[in-house]
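# Structure at a glance
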Number of protein chains: 2
Amino acid sequence: MELDRRFRRGIIFILSAPSGAGKTTISRAALQRIGGLEPSISITTRTPRDGEVNGVDYRFVSDDEFRRIRDAGELAEWARVFDAHYGTPRAPIERAVAEGRDILLDIDIQGARQIRRNHPNDTAAIFVLPPSFGELEGRLRRRGTEDEAALQRRLLRARAEASAWNEYDYLIINAELEDSIAQLAAVVAAERMRTARLGPEFEPWRS
Amino acid sequence: MELDRRFRRGIIFILSAPSGAGKTTISRAALQRIGGLEPSISITTRTPRDGEVNGVDYRFVSDDEFRRIRDAGELAEWARVFDAHYGTPRAPIERAVAEGRDILLDIDIQGARQIRRNHPNDTAAIFVLPPSFGELEGRLRRRGTEDEAALQRRLLRARAEASAWNEYDYLIINAELEDSIAQLAAVVAAERMRTARLGPEFEPWRS
């Protein structure tokens, strides 16, 4: 039987990966299929891509607005990636933790560090790796969205990012999407059973 | 994809519960149904019950033999329960951890404390509670193996034991056996993904 949400704090699940490891696919599937997992909607200064909906995929803001929000301390983490800024609003996350609701954050390694530093007891951090570097290179080539120079830069960056795996609590080697989602579901279920998340209101058998 | 056992230490899963919570049923089902989980065969000085097989359920030893084994430092934990001694042999557990094999220990709270003290990085400790004290009383009455005085003693002891829940990593509220086994399976899967269990041999993408 699942622990009553009234007795426990919510959990911030952090999902990070090197570029091309399949993190976004896992994250989207997890939000649809793992019960009680909510997305966090980031703010970003980049322009929307085709099909992206403001307020659903991201909240799109101007550079000035981003600066104002960040300087007011309203972001739990933020990062600059290429020419754009990305940030995670703090208030919805803190409200979720207080109310025993669980959030899934699909963020980069810098962002993950900030969140873990600010919420050390309320996070569970998962790193996703492709089975091998060769496999990653194959995936990026099949995607075919970049020229050779850009691809090589992305590969170098991915190799550097991969070395952050040991800062995370859990490691998923993403060979088959279905396996990886099942593994993430196991982490979510197990983390919900942690006694450390139970508040003082939980006292078995008072009755 | 599961992490290659060659790269990680084995895990000592500890299952404890107050008397009557259903721990032994969960433990037996888990050993049959969760892959790669091995039992530990305890030694005990008590006489075998009907159907118990020496070397399978327990290794049955004399008081003298127990003392010799214990004093030689060959037990990872031991305890006296009523008039008998119980102990967990140390060598098979340490071998399993070194070889990346996972063990399930069905032990009492005292034993769990000893194991966790001696193997702090290699244990995952799970506590099982019945949904309520009234439910526990009902289960023990339906079992009908004790007179009223013995039942009252067992209930008092169970209530005291229940307060140890917060020494454990995970809590299972055992309302439905199938749910509880699924929860234990999630803990096993998640613990196998922990980066902290990976040895220095694990270095992604050396190739």
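See above for the structure.
Let me begin by describing the structure that accompanies this report.

## Brief notes about the overall build of chain A
If you tally the helices and strands in chain A, you get seven helices and nine strands. Taken along its principal axes, the extent of the C-alpha atoms in chain A is 65 × 40 × 30 Å. Relative to its full complement of 207 residues, chain A shows a buried share of 36%. Partitioning the intrachain contacts of chain A with sequence separation of at least 6 by distance along the chain shows that 71% fall at a separation of at least 24.

## Side note on the nonpolar core
Counting residues in hydrophobic clusters, the biggest one holds 92 residues, and the most contacted among them are Phe13 and Ile126 of chain A together with Phe13 and Ile126 of chain B. Apart from the residues lying within four places of it in its own chain, the contact partners of Ile126 of chain B are Phe13, Ile14, Leu15, Tyr168, Asp169, Tyr170, Ile172, Leu184 and Val187 of chain B.

## A word on the interface of chain B and chain A
The interface is formed by 30 residues belonging to chain B together with 30 residues belonging to chain A. Secondary-structure elements contributing two or more residues to the side of chain B that touches chain A are α6 (148-162), β9 (170-173) and α7 (177-191) of chain B. In terms of residues, the side of chain B that touches chain A owes the most to one element, α7 of chain B, which gives six residues. Its residues assigned to classes, the side of chain B that touches chain A shows 20 nonpolar, five polar and five charged.

## Some thoughts on helix α7 (residues 177-192) of chain A
Here α7 of chain A contains 16 residues, and its C-alpha end-to-end distance of 23 Å stays within 8% of the 22 Å for a straight helix at 1.5 Å per residue. Those residues of α7 of chain A that sit buried are Ser180, Ile181, Gln183, Leu184, Ala186, Val187, Val188, Ala190, Glu191 and Arg192 of chain A.

## Quick word on the environment of Ala96 of chain B
Residues and elements named next belong to chain B. Structurally, Ala96 is set in helix α3 (residues 90-99). Since 19 C-beta atoms lie within 10 Å of it, Ala96 is described here as partly exposed. Sequence separation of Ala96 and Ile14 is 82 residues, and the distance between their C-alpha atoms is 14 Å. Discounting residues that sit within four places of it in the chain, Ala96 has contacts with Gly10, Glu38, Arg101 and Ile103.

## Structural notes on the sheet that holds strand β1 (residues 12-16) of chain A
All names here are of chain A. With parallel pairing, five strands are arranged side by side in an open sheet as β2-β7-β1-β8-β9. Edge positions in the sheet fall to β2 (37-39) and β9 (170-173), since each of these pairs with one other strand and no more. Ignoring which end each strand starts from, the neighbouring axes of this sheet average 30° apart. Both β2 and strand β7 (residues 102-106) contribute to a ladder of three bridges, which runs parallel. If you follow Leu37 over to β7, its bridge partner there is Asp102. In the packing of helix α4 (residues 109-118) onto the sheet, the strands contacted are β1, β7 and β8 (123-129), and the crossing angle to β1 comes to about 160°.

## Some words on the relation of the copies chain B and chain A
The operation relating chain B to chain A is a screw motion whose rotation component is 180°, with 0.0 Å of axial translation and a residual RMSD of 0.0 Å. Such a combination of rotation and displacement between the chain copies is what one expects of a two-fold axis. Within chain B, Ala186 of chain B has its C-alpha nearest the rotation axis, a separation of 2.2 Å. Mapped onto chain A, 100% of the interface residues of chain B are again interface residues, and the two copies thus contact each other with one and the same surface.

## Quick notes on the packing of helix α1 (residues 23-33) of chain A against α7 of chain A
How two helices sit against one another is set out by the angle between their axes and by the gap between those axes. Residues and elements named next belong to chain A. Contact geometry of α1 with α7 gives a least axis separation of 10 Å together with a crossing angle of 60°. The orientation of α1 with respect to α7, classified from their angle, is oblique. α1 and α7 meet at a crossing whose hand is right-handed. Contacts between α1 and α7 involve Thr25, Ile26, Ala29, Ala30 and Arg33 on the former and, on the latter, Leu177, Ser180, Ile181 and Leu184. The class makeup of the residues in the contact of α1 with α7 is six nonpolar, two polar and one charged.

## Brief notes about the sheet that holds strand β4 (residues 59-60) of chain B
Residue and element names in this part refer to chain B. The four strands lie next to each other as β4-β3-β6-β5, forming an open sheet whose pairing is mixed. Strand pairing shows two members of the sheet lacking a second neighbour, β4 and β5 (75-81), which therefore form its edges. As paired elements, strand β3 (residues 43-44) and β4 share two bridges and run parallel to each other. If you follow Thr44 over to β4, its bridge partner there is Phe60. Contacts from helix α2 (residues 63-71) reach β3, β5 and β6 (84-89), with the element oriented near 40° to β6. Sheet strands in contact with α3 are β5 and β6, and its direction is about 30° off that of β6.

The rules behind the values
Residues numbered from 1 in each chain as written. Chains lettered and ligands numbered in written order. Predicted model: local features only at pLDDT ≥ 70, side-chain atom pairs only at ≥ 80, totals over all residues. Helix = DSSP H or I, 4+ residues; strand = E, 2+ residues; numbered from the N terminus. Buried ≥ 20, exposed ≤ 12 C-beta atoms within 10 Å, placed from the backbone. Contact = placed C-beta atoms within 7 Å. Core = buried A, V, L, I, M, F, W, Y, C linked by C-beta atoms within 7 Å. Nonpolar A, V, L, I, M, F, W, Y, C, P; charged D, E, K, R; others polar. Expected span 1.5 Å × (residues − 1). Pairing = 2+ DSSP bridges. Axes fitted to C-alpha atoms, helices over the stretch in contact; angles between N-to-C directions. Least-squares fit on C-alpha atoms with pLDDT ≥ 70 in both. Parallel < 35°, antiparallel > 145°, perpendicular 65-115°, else oblique. Left-handed = near helix turned anticlockwise from the far one by under 90°.

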